[in-house]
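Structural features, examined
Chain by chain, the residues run as shown.
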Amino acid sequence: MRSPKDFFRPLAVGAPAPVREVPFRPSRMIHFFDPGNEKMAAKVPDIAPTVDVLLGNLEDAVAADRKEAARSGLVKVAKATDLGDTQLWTRINSLDSPWALDDLLTLVTEIGDKLDVIMVPKVEGAEDIHYVDRLLAQLEAKAGIQRPILVHAILETATGVANVEEIAGASPRMQGISLGPADLAASRRMKTTRVGGGHPGYLVREDPHGADGSAPRATFQQDLWHYTLARMVDACAAHGILPYYGPFGDIKDTTACEDQFRNAFLLGCVGAWSLHPVQIAIAKRVFSPSPADVAWARKVIDAMGDGTGAVMIDGKMQDDATYKQCQVVAQLADALAARDPELRDAYAAAEKE
Ligand SMILES: CC(C)(COP(=O)(O)OP(=O)(O)OC[C@H]1O[C@@H](n2cnc3c(N)ncnc32)[C@H](O)[C@@H]1OP(=O)(O)O)[C@@H](O)C(=O)NCCC(=O)NCCSC(=O)C[C@](C)(O)C(=O)O
Ligand SMILES: [Mg+2]
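Residues numbered from 1 in each chain as written. Chains lettered and ligands numbered in written order. Predicted model: local features only at pLDDT ≥ 70, side-chain atom pairs only at ≥ 80, totals over all residues. Heavy atoms only, no water.

1. Re the site of ligand 1
This is how it is decided: In these notes, residues near a molecule or strand are those with any non-hydrogen atom within 4 Å of it. We define a polar contact as two N or O atoms separated by no more than 3.5 Å, with the added condition that, inside protein, one atom must be a possible hydrogen donor and the other a possible acceptor, whereas residues neighbouring each other in sequence contribute only through side-chain atom pairs. Under the convention used here, a 1.4 Å probe and the Shrake-Rupley method define accessible areas, while residue burial counts only the protein chains that appear. Helical segments are the DSSP runs of H or I of at least four residues, strand segments are the runs of E of at least two, and each set is numbered from the N terminus. Amino acids outside the nonpolar list (Ala, Val, Leu, Ile, Met, Phe, Trp, Tyr, Cys, Pro) and the charged list (Asp, Glu, Lys, Arg) are all regarded as polar, and Gly is one of them.
In the vicinity of ligand 1 there are 20 residues, among which Phe32, Lys43, Ala182, Leu275 and His276 approach most closely. A distance of 2.8 Å is found between an oxygen atom of ligand 1 and a backbone nitrogen or oxygen belonging to aspartate 183. Between ligand 1 and leucine 275 there is a distance of 2.7 Å, counted from a nitrogen atom to a backbone nitrogen or oxygen. Expressed as a share of its isolated accessible area of 1,100 Å², the protein-covered part of ligand 1 is 66%. At the level of secondary structure, the elements contributing two or more residues to the shell around ligand 1 comprise β1 (29-33), α1 (38-42) and α8 (181-188). Top contributing element to the shell around ligand 1 by residue count: α8, with 3 residues. Here the shell around ligand 1 is composed, by residue class, of 10 nonpolar, 4 polar and 6 charged.

Printed below as a string of structure tokens:
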């Protein structure tokens, strides 16, 4: 581990200084597209204004013989498209693959000034982040990049989960972590073949009841991902970086997708991935606090003055801690309203009610 005194020094001569705080830019949905798929790439100019983050995916879901087409497709899209204030991210291939090195060399030198975040899959420990950290610094220096490219890890191996705290704190470049439920399920030998979401077999059953104990017993499906997500949220919060739910693979089941995203939102995540255009609106709806919740938060903040003491509002006790909870909601609403005029108007209207 680097000494705390050296933590914020650039790792290569001529590389930009690391950030001291992860900038909070709205990232309710990280929209995945395959830049080598011409039909999808052609949709980028229309999709970009509707999403917070556009991510050119080079890893899984891109066939081995299409890896180079995806990489050069991303360079082309980044150079040709004005994304406005929509962020551009990429997911590179895993560090043990034949493509990761060329992904980094090409993308940083060709479009490093346009890339906000590089997502690294299958991160197992701090050593993976340290490798990428140094290499990025060297490439940024070579390419004359003025601001550091941030790094996002996917939590998708059992070892990664065991090391999630050290991953979160491995570098000032760490922007956030996403759950990767498919690879993680395989790595753990879980017996679900789904990409995220629940499973009908993972349940608890009501106790026997009725006269002879034979009445029908209700079952309650449980969340397979709760432990991992909660652990990831704590690791991220402790290190000042941002947690995200990952993908929900049952594209047609928009209801379950919304539920899963909402659980993640309530638990502390700031966004999720959208794999298909239909998931963009779901993520937007879920990861933007409701106008009623924002109005309530502002009411509590106003009533609490300097934030100390205790007051009663509508029958509910408010104190220093609820003031802080309300600030989380109000600050998120401010950041989203600055990007999204529709939300700004909805929040303003709810406050007047
Ligand atoms: C699922 C698929 C195959 C269905 O694609 P489709 O064409 O069969 O679906 P569709 O409903 O017929 O599509 C309608 C229209 O939307 C377009 N379209 C469809 N998707 C997109 C998109 N993302 N962005 C932009 N456009 C899109 C599509 O091209 C089509 O256009 P058209 O009307 O002109 O014909 C397709 O949506 C897709 O390839 N999505 C991305 C998949 C992906 O990136 N997977 C990797 C992330 S998940 C993961 O890696 C796991 C993890 C974390 O690693 C771990 O848990 O371990
Ligand atoms: Mg994966």
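2. Topic: the sheet that holds strand β3 (residues 87-91)
In a beta sheet, neighbouring strands are held together by backbone hydrogen bonds and run either parallel or antiparallel to one another. This is how it is decided: For two strands to be treated as a pair, DSSP must find no fewer than two bridges joining them. Axis angles are defined between N-to-C directions and span 0 to 180 degrees, where every axis is a line fitted to C-alpha atoms and, for a helix, only to the segment in contact. By definition in these notes, contact holds between two residues if any of their heavy atoms fall within 4.5 Å.
Strand order in the open sheet made by the 8 strands is β9-β6-β5-β4-β3-β2-β1-β10, with parallel pairing throughout. Since the sheet does not close on itself, it has two edges, and those belong to β9 (242-244) and β10 (272-274), each with one partner. The sheet shows a mean angle of 25° between the axes of neighbouring strands, direction not considered. Both β1 and β10 contribute to a ladder of 3 bridges, which runs parallel. Residue pairing in the sheet places isoleucine 30 in a bridge with tryptophan 273 of β10. Helix-sheet contacts for helix α5 (residues 126-143) involve β4 (117-120), β5 (150-155) and β6 (174-179), and the interaxial angle to β5 is about 155°.

3. Digging into the coordination of the magnesium ion (ligand 2)
Counted only if it meets this: We call an atom a donor if it is N, O or S and sits within 2.8 Å of the metal, or 3.2 Å for Na, K and Ca. Water is not counted, so some sites may look partial.
Coordination of the magnesium ion (ligand 2) by the protein is provided by Glu156 (OE) and Asp183 (OD), with metal-donor distances spanning 2.0 to 2.2 Å. Residue glutamate 156 is found in the loop between β5 and α6 (158-162), and its partner aspartate 183 is found in helix α8; the two are separated by 27 residues along the sequence.

4. Here we look at the side chain of aspartate 128
Basically, it comes down to this: Throughout this description, buried means an accessible area under 20% of the type-specific maximum (1.4 Å probe, protein chains only), exposed means over 50%, and partly exposed covers the range between. Charge counting treats Lys and Arg as positive and Asp and Glu as negative, with His and both chain ends excluded. Any carboxyl oxygen of Asp or Glu within 4 Å of a side-chain nitrogen of Lys or Arg constitutes a salt bridge here.
Among the secondary structure elements, aspartate 128 is positioned in helix α5. One buried charged residue, aspartate 128, remains without a salt bridge, the closest side chain of opposite sign being lysine 122 at 11 Å. At a separation of 2.8 Å, a polar atom in the side chain of aspartate 128 contacts the main-chain amide nitrogen of glutamate 124. Those residues within four positions of aspartate 128 in sequence are excluded, and the remaining contacts are Leu95, Lys122 and Val123.

5. Looking at a nonpolar patch on the surface
Worth spelling out the cut-off: Here a patch means residues that are over 30% exposed by relative accessible area and free of salt bridges, tied together within 9 Å if like-charged and within 5 Å if nonpolar (Val, Leu, Ile, Met, Phe, Trp, Tyr).
A cluster of nonpolar residues, Leu101, Leu105 and Tyr131, forms a patch on the protein surface that exposes about 260 Å² of accessible area. Looking at the secondary structure, you find leucine 101 in helix α4 (residues 100-111).

6. Regarding the confidence of the model for the protein
What counts here: Think of pLDDT as the predictor's per-residue confidence, scored from 0 to 100.
The pLDDT averaged across the protein works out to 97; a share of 100% of its residues lies at or above 70. Predicted complex, confidence summary: ipTM 0.99, pTM 0.97.

7. Comments concerning helix α9 (residues 226-238)
An α-helix turns once every 3.6 residues. As a result, residues three or four positions apart point the same way. Operational definition: Given the number of residues in a helix, its expected span is that number minus one, multiplied by 1.5 Å. In this description, the arc belongs to the directions extending from the helix axis to the C-beta atoms.
Here α9 is 13 residues long and its end C-alpha atoms lie 18 Å apart, about the 18 Å a rise of 1.5 Å per residue gives. Residues of α9 that are buried include every one of Thr228, Leu229, Met232, Val233, Ala235 and Cys236, and no others. Buried residues of α9, viewed axially, fall in a sector of 165°; they line one side. α9 presents Asp234, Ala237 and Ala238 as exposed residues on the side facing more than 90 degrees away from its buried surface. Where α9 terminates, the next one or two residues include glycine 240, which has phi positive at roughly 70°.

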